[in-house]
Structures are given as structure tokens and as C-alpha cells.
Amino acid sequence: KARWDRTRKAAMGVGWWDFNRPANHAAEFDLAYRSDYKLWLLKPHAGILGTSDGTIYGYGGFQIDFYFGNRFVVTPSTSVGFYSRGSAKSNLGSPVEFRSGLDLAYRFDDRSRLGVGIYHISNTGLWDKRNPGEETALLFYQMPVHKLIPGWRSPGGNSKASQAAALQTGVETASAKSMPGPRAR
């Protein structure tokens, strides 16, 4: 049975912007933060992406992880964000855009993940009749934040599960030191 993964992650990805329209192709680079906070089943996330033709999109939203065994994770997500066209040939019709997507990832023992994602960005027709949408294919790597910044804590505290995960990898935060039970060294 898979253990619930409540580890904060930094995500980095590279991909193919507007892959379904040959005239609009561009390389995409994505940086994101995946929170360990849980609102019912949903976990917040935020990120920024840029393309080789100058498009920038900053977003925030929610995701939910579904585990298949200990290794495979499927993550649907939805976000809202602000879009700047840059020199892109495609015009999504509004500065406010919605992003929905699906990730399939392999989870390693240290809780890092390697996977692929497919996303759709669109204004849903709310602000402008022009709503061409855009599709992205992305290869990504997510790593626990405490591996990048030892001892780092989310603003407002850590969950007990995050503290335990940090202890399993040998990282002690100030609040994890006060947790009862054995600690990894």
C-alpha cells in the first residue's frame, strides 16, 4: 500500500508549447512549487512557465495525487493565471487563462518524481470570443524542497507527515527535532 506523500516539491520541466499547431510550436520551460498542505484532498501548487518565443504564464491552483502501488502517481490539476503573449504567433485572447492537466509520474524512494504531463490552457470564452486554447506536452522532475534547501519549512509550519519525511532522509528541521519518536541521522 502506498503511503500518502505530503512532501513539498520543487518541479522543473521542459516541453513542447502548442504541439497541436505546427505554425505555433515553441520550447517550454516550467518551474513550479507543489505544496504539502492539504485542503480536503486537494494540494495547492503555483508556477511560472516561459517559452522560446517569449510567452510567460504565471499560475496557481490545486492538484490531487492518485497512487497506483508505491511507485506510480497520476495527478490531475487545475489552475488560473496571467498570460503574456510575448512574440508568440498564437494569441490566447485574454490575459487571464485557465490551465487543466494530467501528470503521470514514477515516484522514487526519496519522494522525487519523474514524469510526463499534458496540459490545456484556455480563457474558456469568459473574457473574449477568441479562445483558441493551447496544448502542452511536458517532461518534468519534482524533488522534495528539503533536498534543495536543507531545513526549509513552509511559511506557517510543517505537517507531521512532512517532518517525518524529512527525518527519513536525514534532514532535521527545528520543528522536526521536537517530534516524538526516533530520528534518522
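Rules used in this analysis
- Just so you know, the residues in each chain are numbered from 1, in the order the chain's sequence is written.
- Thresholds applied to this predicted model are a pLDDT of at least 70 for local features of residues and 80 or more for the giving and counting of side-chain atom pairs; totals over whole chains, interfaces and linings are not thresholded and use all residues.
- Side-chain metrics in this entry use all non-hydrogen atoms of the structure; hydrogen atoms and water are not considered.
- For the purposes of this entry, the term helix denotes a DSSP run of H or I that reaches at least four residues, the term strand denotes a run of E that reaches at least two, and both are numbered from the N terminus.
- Each residue gets one of three labels from its accessible area relative to the maximum for its type: buried under 20%, exposed over 50%, partly exposed in between, using a 1.4 Å probe on protein chains only.
- Note on contacts: a residue pair is in contact if any heavy atoms of the two residues lie within 4.5 Å.
- The aromatic pairing rule takes the rings of Phe, Tyr and Trp, using the six-membered ring of Trp, and pairs them if the centres are within 6.5 Å, calling planes under 30 degrees apart stacked, those over 60 edge-to-face and the rest tilted.
- A ring is scored as having a charge over it whenever the NZ atom of a lysine or the CZ atom of an arginine sits within 6 Å of its centre and within 35 degrees of its normal.
- Residues enter a nonpolar core if they are buried and are Ala, Val, Leu, Ile, Met, Phe, Trp, Tyr or Cys, with the set joined through side-chain atoms within 4.5 Å.
- Under this definition, polar contacts are N or O atom pairs within 3.5 Å; protein pairs additionally need one hydrogen-donor-capable and one acceptor-capable atom, and for neighbouring residues in sequence, both atoms have to be side-chain atoms.
- One bridge is not enough; two strands pair if DSSP finds at least two bridges between them.

Engineer: In this structure, what is going on with the environment of Leu41? I would like to understand it.
Structural biologist: Note that Leu41 resides in the loop between strand S2 (26-34) and strand S3 (43-51). For Leu41, a relative accessible area of 32% translates into the label partly exposed. Note: C-alpha distance between Leu41 and Gln63 (22 residues apart in sequence) is 8.5 Å. Apart from residues no more than four positions distant in its own chain, Leu41 is found in contact with Gln63 and Ile64.

Engineer: What is the right way to read the packing of aromatic side chains from this model?
Structural biologist: Within a pair of aromatic rings, the relevant descriptors are the distance that separates the centres and the angle that separates the planes. According to the stated counting rule, one finds 4 aromatic pairs in the structure shown. Taking 5.6 Å as the distance between ring centres and 75 degrees as the angle between the ring planes, the aromatic pair formed by Phe72 and Tyr106 counts as edge-to-face. With Phe72 in strand S6 (residues 72-84) and Tyr106 in strand S7 (residues 96-107), this pair connects stretches of sequence that are 34 residues apart. With relative accessibility at 43%, the residue Phe72 sits in the partly exposed group. In this structure Tyr106 comes out as partly exposed when scored by relative accessible area, which is 31%. Look at Tyr106 and Phe108: their rings are 5.0 Å apart centre to centre, the planes differ by 75 degrees, and that puts the pair in the edge-to-face class. Clustering of aromatic rings is evident, with ring pairs tying together Phe72, Tyr106 and Phe108. A cation over a ring is seen here: Arg99 above Tyr59, with NZ or CZ 4.5 Å from the ring centre.

Engineer: Honestly, the nonpolar core in this entry has me stumped. Any pointers?
Structural biologist: Across soluble globular proteins, nonpolar side chains show a tendency to be buried alongside one another. In this structure, Ala11, Trp17, Ala26, Ala32, Leu49, Tyr57, Tyr59, Tyr83, Leu92 and Ile121 together form the largest nonpolar core, which totals 10 residues. Looking at this core, the elements that each hand over two or more residues are strand S1 (9-17), S2 and strand S4 (56-63). Among all residues touching Leu49, those that are not within four sequence positions of it are Trp17, Glu28, Phe29, Asp30, Thr55, Ile56, Tyr57, Tyr59 and Ile121.

Engineer: Which parts of the structure should I look at to understand the environment of Asp53?
Structural biologist: Looking at where Asp53 falls in the secondary structure, it is placed in the loop between S3 and S4. Considered as a pair, Asp53 and Ala26 are 27 residues apart in the sequence and their alpha carbons are 6.3 Å apart. Of the polar contacts made by the side chain of Asp53, one reaches the side chain of Thr51; its length is 2.3 Å.

Engineer: It is not clear to me how the side chain of Thr136 should be interpreted in this structure. Could you clarify?
Structural biologist: For Thr136, the location among the structural elements is in strand S9 (residues 134-144). Within the local environment of Thr136, its side chain forms a polar contact with the side chain of Glu134, the two groups lying 2.5 Å apart.

Engineer: Would you mind going over the pairing of S2 with me for this structure?
Structural biologist: On a regular strand, one side chain projects to one face of the sheet and the next to the other, so that they alternate. A one-sided burial pattern is seen for S2, the buried positions being Ala26, Glu28, Asp30, Ala32 and Arg34 and the unburied ones Ala27, Phe29, Leu31 and Tyr33. One ladder, built from 9 bridges, connects S1 with S2; its direction is antiparallel. Following the sheet pairing, Met12 is matched in S2 by Leu31. Where S2 and S3 come together, 7 bridges link them in antiparallel fashion. In the strand pairing of S3, Phe29 is matched with Gly50.

Engineer: Can you help me understand unusual backbone geometry in this one?
Structural biologist: Across the chain, the bulk of peptide bonds are trans and the bulk of non-glycine residues have phi less than zero. Positioned with a positive phi, Asp18 is a non-glycine residue whose angle comes to about 55 degrees. Accessibility expressed as a relative area gives 0% for Asp18, which makes it buried. Its identity as a non-glycine residue notwithstanding, Arg111 has a phi of 75 degrees, on the positive side. Mapping Arg111 onto the fold places it in the loop between S7 and strand S8 (113-122). Residue classification places Arg111 among the buried residues on the basis of a relative accessible area of 12%.

Engineer: Whenever I open this one, the pairing of S6 confuses me. Can you help?
Structural biologist: With 8 bridges joining them, S4 and S6 adopt antiparallel strand pairing. Paired with Ile56 across the two strands is Ser84, which belongs to S6. One ladder, built from 3 bridges, connects strand S5 (residues 66-68) with S6; its direction is antiparallel. By the bridge assignment, Phe68 is partnered in S6 with Phe72. Hairpin connection between S5 and S6: a loop of 3 residues separates the two successive antiparallel strands, and Gly69 in this loop has a positive phi of roughly 75 degrees. Bridge analysis of S6 against S7 gives 11 bridges, and the strand direction is antiparallel. By the bridge assignment, Thr75 is partnered in S7 with Asp103.

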